Amino acid sequence: MIRLFSALFIISTISLQLMAQNEQEALPGDTSLPSTSEEITKLAGLESSEYRYSVEDYFKKPAQYSFQFSPNGAYFSYRERDENGKGHVYVKNTETDEITKVIEEGEELVRGYGWANDNRLIYVSDKGGDENYHLFAVDLDGSNAKDLTPFDGVRVGILNSLKDQKDFMIIQMNKDNPQIFEPYKINIITGEMEKLYTNDDPSSPIDGYEFDKDGNLRGYAKLINGVNYQLFYRGVGETEFTEIMTTNWKESFSPIGFNYLSDNPHDAYVKSNLENDTDEIILYDFKENKVIEKIYSNETFDVGGMSRSRKRGYEIDYFYYTGEKDHIIPVSDTYKALHKKFQTQFGDKDFSITNATDEEDKYLIYVSSDRLYGMYYLYDVAKDSFKEIMNLKPHLKEEDMAEMRSLKFKTRDGLTVYCYLTIPNIAKEGNKVPMIVNPHGGPYGPRDYWGFNSETQLFASRGYATLQVNYRGSGGYGKSFYLAGCKQIGRNMLNDLEDAVAYVKTLGLIQEDNIAIYGASYGGLATLGSLVKTPDLYTCGVDYVGVSNLFTFYKSFPEYWKPYLLQVYEQWYDETNPEEAEIMKAVSPALNVDKITKPLFIVQGANDPRVNIDESDQVVENLRARGVDVPYMVKYNEGHGFGHEENRIELYSAMMGFFAKHLK
């Protein structure tokens, strides 16, 4: 019932990297095209000025990060960076202060970790970033480590942590068919597993599963004709599922969890936009198939979700959503009191609870702002006290960082669009500065946020303003705004960027003839498309793991994307429609490289399963055939974004050299 792939075609900038190649195996792409390490070093060297903060200051991992309590609060875990940039996981006994290294990060990166119960931790890792994640478990003393899903070419995801069944959890894998996922109950000590439901119809696959807190499968969503979803439900103890409704991919109806405070076992909280333009939280009776009550909504922004207290019988503590900034709406008396304390302690900073003990007697709170990278605090309920745990990057002084300002403007066709402008401190002294337009990935669903951004702060430290535009199709602004982006790649989506630039020019802060564009993933496509569509607007561009040719992009989809191809046709463009195929040709930069006249730097992870290396290769090859010098950075142990610290630092060092050459 939860549509796990509703945002599947987000070509996001999340650092999920792809399969590294062993020794002398054939490397992906045309290996004659990438710039040499000497050429990349020379490019980085063009940034010759001295600055207070280095690239490393912004992009090295913190000394310690990712703090978590064990469920009973007896232990405290965290990741610690070593001299090689690896982030190992340590566990500290809160009574004895004894520290144990539990998980060692090697060549394969630990993509995430957490506590499964009081005695055992889990983590996920892949092979060189191929996104086929394995689930591992280890005891808190570092013993009994086990790969729970030792299957090649299989991707695992966690569906339900089964807090009340401490040695078990529910996962999903595409083990029997690479295109579809099935749920399994797995023993996190032995690795024994049981398939809970069979998903054996690739033509109409189950797209998501809904389990209750006791591990009962209560519902699922089946993809029909590639664009519609049939939702099925059954009560506890029932054997047959009943169809509830059919929705379209354009609609949202996603259960958050069952209402365990109700006497009716069929009540559940759902995030839906079936009766509203923005996503709202409703209470729904799945037996009667009707809305019981509308719980929370915002007329402008989609609700993000809700937080409930397991200790207090799943009472609602608060709702949250992201508008121009993040917002928390307290609900329970318990959380209202906590929220008031947090506001008094942290003032105008953003704060959020990242972790709590099962007894809710200790909370980990993350505090940040547009100028503060982030700090962890411990709040002890019994002592009513706050303790600073870690300032993640104390060397980045708040007073030196740049302001991120939230703005909105009207597009040429009357749409209200929100954006963020990070303004170098020198601009406030009356100095106009160059600007970098930075479109986010996606394009459909993701959005940019207010808060500390290492990229924009690095740019600001070098004297560049950064403009981030939540163009039509971005998530968080309601159904109409989201759907306004359909079939607008290369067209109105780029117009939104141009209109944002025109608006910022009216503020008198930037050098109007000194503007670059840089983006990753879809943002890379927007960069290339902008250099084709409006070559006179931009001075130069950087394309990072960007799509360049919609036809080859479609053909390179991973297997588990293929059931959703018809949805892509409805949202992007339909290559089988002759009229839309002509549009695809017109908006595919690789097919229009003769129109690119401005300097371009291209960056690619060689093993990217989302945006194949051929997307970058074909642009580089075509431009070089015209005699254009295109710096091209390729990393053969990376995929859709660089996860290795040393690669990120090299990337941004080279980027700063490129901008120094063309923006100063």
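Structure: see above.
In short, a report on the structure. If you're wondering where the values come from, they're calculated on a predicted model, not measured in any experiment. (Residues numbered from 1 in each chain as written. Predicted model: local features only at pLDDT ≥ 70, side-chain atom pairs only at ≥ 80, totals over all residues. Heavy atoms only, no water.)

## Observations concerning the packing of helix α6 (residues 492-505) against helix α7 (residues 522-533)
Each pair of packed helices gets described by two things: the angle between the helix axes and the distance between those axes. To keep things clear, this is the line we draw: Axis definition: a line fit to C-alpha positions, over the contact stretch in the case of helices; interaxial angles, taken between N-to-C directions, run 0 to 180 degrees. Segments assigned H or I by DSSP are reported as helices when at least four residues long, segments assigned E as strands when at least two residues long, and all are numbered from the N terminus. When an angle is under 35 degrees it counts as roughly parallel; over 145 it counts as roughly antiparallel; between 65 and 115 it counts as roughly perpendicular; any other value is oblique. Residue contacts follow a heavy-atom distance rule, with two residues in contact if any of their heavy atoms lie within 4.5 Å. Each residue gets one of three labels, nonpolar for Ala, Val, Leu, Ile, Met, Phe, Trp, Tyr, Cys and Pro, charged for Asp, Glu, Lys and Arg, and polar for the others, Gly among them.
One way to put it is that α6 packs onto α7 with a least axis distance of 10 Å and a crossing angle of 75°. Relative to α7, α6 is oriented roughly perpendicular. Seen from α6, the contacting residues are Met493, Leu494, Asn495, Leu497 and Glu498; seen from α7, they are Tyr522, Ala526, Gly529, Ser530 and Lys533. Taken together, the residues that form the contact of α6 with α7 break down as five nonpolar, three polar and two charged.

## Here we look at the layout of surface pockets
Where we set the bar: Cavities and pockets were defined on a 1 Å grid built from protein atoms only: a cavity is a group of points that admits a 1.4 Å probe but offers it no way out, a pocket is an open group of points flanked by protein on both sides within 12 Å along at least five of seven lines, and a lining residue is one with an atom within 4 Å of any such point. Grid points are joined across faces, edges and corners, and a volume is the space filled by probe spheres set on the points.
What the second largest pocket holds in volume is close to 1,600 Å³. Residue lining of the second largest pocket: 48 residues in total, with Ser161, Lys163, Arg308, Arg310 and Tyr314 positioned closest to the centre. For the lining of the second largest pocket, a count of residues per class yields 23 nonpolar, 12 polar and 13 charged.

## Brief notes about the sheet that holds strand β24 (residues 350-356)
For clarity, the cut-off: Should DSSP find at least two bridges between two strands, the strands are regarded as paired.
As summarised here, the arrangement of the four strands in space is β24-β25-β26-β27, forming an open sheet in which the pairing is antiparallel. Only two strands of the sheet have a single neighbouring strand rather than two, namely β24 and β27 (385-391). In this sheet, adjacent strand axes meet at a mean angle of 30° when their direction is disregarded. In the sheet, strand β25 (residues 362-368) pairs with strand β26 (residues 375-380) via six bridges, with the strands oriented antiparallel.

## Quick look at the packing of helix α1 (residues 37-44) against helix α12 (residues 645-663)
The geometry of α1 relative to α12 is characterised by a closest axis approach of 6 Å and an angle of 55° between their N-to-C directions. Considered as vectors, α1 and α12 are oriented oblique to each other. The segment α1 lies against α12, with Ile40, Leu43 and Ala44 engaging Glu650, Ser653, Ala654, Gly657 and Phe658. Looking at side-chain class alone, the contact of α1 with α12 contains five nonpolar, two polar and one charged residues.

## Quick word on the nonpolar core
Soluble globular proteins tend to pack their nonpolar side chains together in the buried interior. Operational definition: In plain words, nonpolar cores are sets of buried Ala, Val, Leu, Ile, Met, Phe, Trp, Tyr and Cys residues tied together by side-chain atoms within 4.5 Å. Each residue is assigned to one of three classes by its accessible area relative to the maximum for its type, calculated with a 1.4 Å probe on protein chains only: buried under 20%, partly exposed between the two thresholds, exposed over 50%.
Of all hydrophobic cores here, the largest spans 98 residues; its most connected members are Leu421, Met435, Leu467, Val469, Tyr538, Tyr554 and Trp572. When neighbours within four sequence positions are excluded, tyrosine 554 is seen to be in contact with Val568, Tyr569, Trp572, Tyr573, Glu575 and Met584. Listed in part, the 34 residues of the second largest apolar core include Tyr58, Tyr464, Leu651 and Phe659.

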